[in-house]
Amino acid sequence: AARVFHLLDPSAEFIPQVAEGDACEAGTVVAQISGPISTLLMGERVALNLAMRLSGIATATRQYVEALADYPTQFVDTRKTIPGLRRLEKYATRVGGALNHRLGLDDAVMIKDNHIVTAGGIRAAVDQVRRTVPYPLSIEVETSDLDQVKAALDCGVDIIMLDNMPPDAMALAVQTIRQANPRAKIEASGNVTLNTLRPIAETGVDFISSSAPITRAPWLDLSMRMIG
């Protein structure tokens, strides 16, 4: 929000009244801005839109993170973001306490269901990736059942994602992975909500990823009031 006003007029002054990531009660003044009236009015809606959107994401993320506070499982965001706003939205999830997954396809290799189908199976997909992937990018494979989990284990991938598995099947998959390769990281994903978060964490996964804090977060109600 500060950047909006500084871009319009470098002399504009934006003074935060709360620290980034602080929880605020309704009615809290979060910043004071001074500058030419034309600058303030031109920047008002853009700055508010960004602050409201991103504060809503950070607030929703904090709820997910706090629900996992007594588990070692870490909460992770996804790449489901509004075009052009990915860096800002992922920054907001970090402020809320989440870990960032990937910013782009070049951060790590994730072999998903469509890749598995088009390659002809998990082994074929992993082999194809290993022939071309730059070292030392990690390789993650999305799995939906125990057979796929075992196939991913046979390939020795770095991370195994358990996608849309019920908790009992997920718990069995976690046990299977831990016994076969204790160093492999395990991620759970798919239809994650605040209600399902803790049952998923109880299965022993390392990470839970969800787009919900970005795609479903309500905007916070912020306004800019002129002081005469």
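In this report, the structure presented in the accompanying data block is examined. It should be emphasised that the depicted structure is a prediction, and the values quoted were computed from it without experimental measurement.

1. A closer look at the environment of Thr 61
Checked against the element boundaries, Thr 61 lands in helix α2 (residues 37-67). Beyond its immediate chain neighbours, meaning those up to four positions away, Thr 61 contacts Phe 75, Thr 93, Gly 96, Gly 97, Ala 98 and Pro 213. A polar side-chain atom of Thr 61 sits 2.7 Å from the main-chain carbonyl oxygen of Ile 57.

2. Re the nonpolar core
Residues Ile 111, Leu 162 and Val 205 are the most contacted members of the largest nonpolar core, which totals 36 residues. The residues contacting Val 205, other than those within four sequence positions of it, are Thr 73, Leu 162, Met 170, Val 174, Arg 178, Ile 186, Ala 188 and Ile 200. Val 4, Ala 47, Met 52 and Met 224 belong to the second-largest nonpolar core, a separate cluster that totals 8 residues.

3. Notes on the side chain of Glu 142
Mapped onto the secondary structure, Glu 142 falls in strand β5 (residues 139-143). A relative accessible area of 7% means that Glu 142 is categorised as buried. Of the polar contacts made by the side chain of Glu 142, one reaches the side chain of Lys 112; its length is 2.8 Å. Within the local environment of Glu 142, its side chain forms a polar contact with the backbone nitrogen of Asp 113, the two atoms lying 3.4 Å apart. Once residues within four sequence positions are removed from consideration, Glu 142 is found in contact with Ile 111, Lys 112, Asp 113, Ile 116, Gln 148, Met 161 and Asp 163.

4. Quick look at the packing of helix α6 (residues 146-155) against helix α7 (residues 167-180)
Relative to each other, α6 and α7 sit at 20°, their axes nearing to 10 Å. Looking at the two axes, α6 sits roughly parallel to α7. The crossing of α6 and α7 is right-handed. Contacts from Leu 146, Val 149 and Leu 153 of α6 reach α7 at Leu 172, Ala 173, Thr 176, Ile 177 and Ala 180. A class-by-class count of the residues in the contact of α6 with α7 yields 7 nonpolar, 1 polar and no charged.

5. Considering the sheet that holds strand β4 (residues 109-111)
Ordered by their spatial adjacency, 6 strands build an open sheet running β3-β8-β7-β6-β5-β4, and the pairing between neighbours is parallel. On the outer flanks of this sheet lie β3 (74-76) and β4, each paired with one strand and no other. Averaged over all adjacent pairs, the angle separating strand axes in this sheet is 25°, with direction ignored. Across 2 bridges, strand β7 (residues 185-189) lies against strand β8 (residues 207-209) in parallel orientation. From the neighbouring strand, Glu 187 faces β8, where its bridge partner is Phe 207. Seen against the sheet, α7 touches β6 (159-163) and β7 and runs at an angle of roughly 165° to β6.

6. Description of the pattern of salt bridges
Between side chains of opposite charge, pairing is possible as soon as their charged atoms come close. Per the counting criterion, the structure on display carries 6 salt bridges. One salt bridge in this structure joins Arg 53 and Glu 89, with 3.0 Å as the shortest N-O distance. Within this pair, whereas Arg 53 is found in helix α2, its partner Glu 89 is found in helix α3 (residues 86-95), the two being separated by 36 residues in sequence. For Arg 53, a relative accessible area of 10% gives the class buried. A salt bridge links Lys 112 to Glu 142, with the nearest nitrogen and oxygen atoms 2.8 Å apart.

7. Brief notes about the packing of helix α5 (residues 122-132) against α6
At their nearest, the axes of α5 and α6 sit 9 Å apart, and the two run at 30° to each other. As for how α5 packs across α6, the hand of that crossing is right-handed. Taken together, the residues of α6 that come into contact with α5 (itself represented by Ile 122, Arg 123, Val 126 and Arg 130) are Gln 148, Ala 151, Ala 152, Asp 154 and Cys 155. Looking at side-chain class alone, the contact of α5 with α6 contains 5 nonpolar, 1 polar and 3 charged residues.

8. So, unusual backbone geometry
Of note, the bond from Tyr 135 into Pro 136 is cis; its omega dihedral lies within 30 degrees of zero at 5°. Note that Pro 136 resides in the loop between α5 and β5. In this structure, Asn 164 is a non-glycine residue whose phi angle is positive, near 55°. Within the secondary structure, Asn 164 sits in the loop between β6 and α7. Positive phi, normally seen in glycine, also occurs at Asn 191, with a value near 55°. On the accessibility criterion, Asn 191 (60% relative accessible area) is exposed.

Rules and cut-offs
- For every chain, the first residue of the written sequence is number 1, and numbering continues from 1 along that sequence.
- Local features in this predicted model are restricted to residues whose pLDDT is 70 or higher, and side-chain atom pairs enter the listing and the counts only when it is 80 or higher, whereas totals over whole chains, interfaces and linings include all residues.
- Side-chain measures here rest on the full set of heavy atoms in the structure, leaving out hydrogens and waters.
- Per the convention used, a helix needs a DSSP run of H or I reaching at least four residues, while a strand needs a run of E reaching at least two, with both numbered from the N terminus.
- What makes two residues a contact is simply this: any of their non-hydrogen atoms within 4.5 Å.
- Polar contacts, as used here, are pairs of N or O atoms within 3.5 Å; protein pairs need one atom able to donate a hydrogen and one able to accept it. Residues neighboring in sequence count only if both atoms are side-chain atoms.
- Here the nonpolar core consists of buried residues drawn from Ala, Val, Leu, Ile, Met, Phe, Trp, Tyr and Cys, with membership extended through side-chain atoms lying within 4.5 Å.
- Using a 1.4 Å probe on the protein chains alone, a residue whose accessible area is under 20% of its type maximum counts as buried, one over 50% counts as exposed, and one in between counts as partly exposed.
- Axis geometry follows a simple rule: fit a line to the C-alpha atoms, using only the stretch in contact for helices, then measure angles between N-to-C directions, giving values from 0 to 180 degrees.
- Orientation labels follow simple angle bins: below 35 degrees gives roughly parallel, above 145 gives roughly antiparallel, 65 to 115 gives roughly perpendicular, and whatever is left gives oblique.
- Throughout, a crossing is termed right-handed when the near helix is turned clockwise from the far one, and left-handed when it is turned anticlockwise from it by less than a right angle.
- Just so you know the grouping, Ala, Val, Leu, Ile, Met, Phe, Trp, Tyr, Cys and Pro go in nonpolar, Asp, Glu, Lys and Arg go in charged, and all remaining residues, Gly too, go in polar.
- By this definition, two strands are paired if DSSP reports at least two bridges between them.
- Criterion for a salt bridge: a side-chain nitrogen of Lys or Arg within 4 Å of a carboxyl oxygen of Asp or Glu.

These results come straight from atomic positions and should not be treated as a statement about function.
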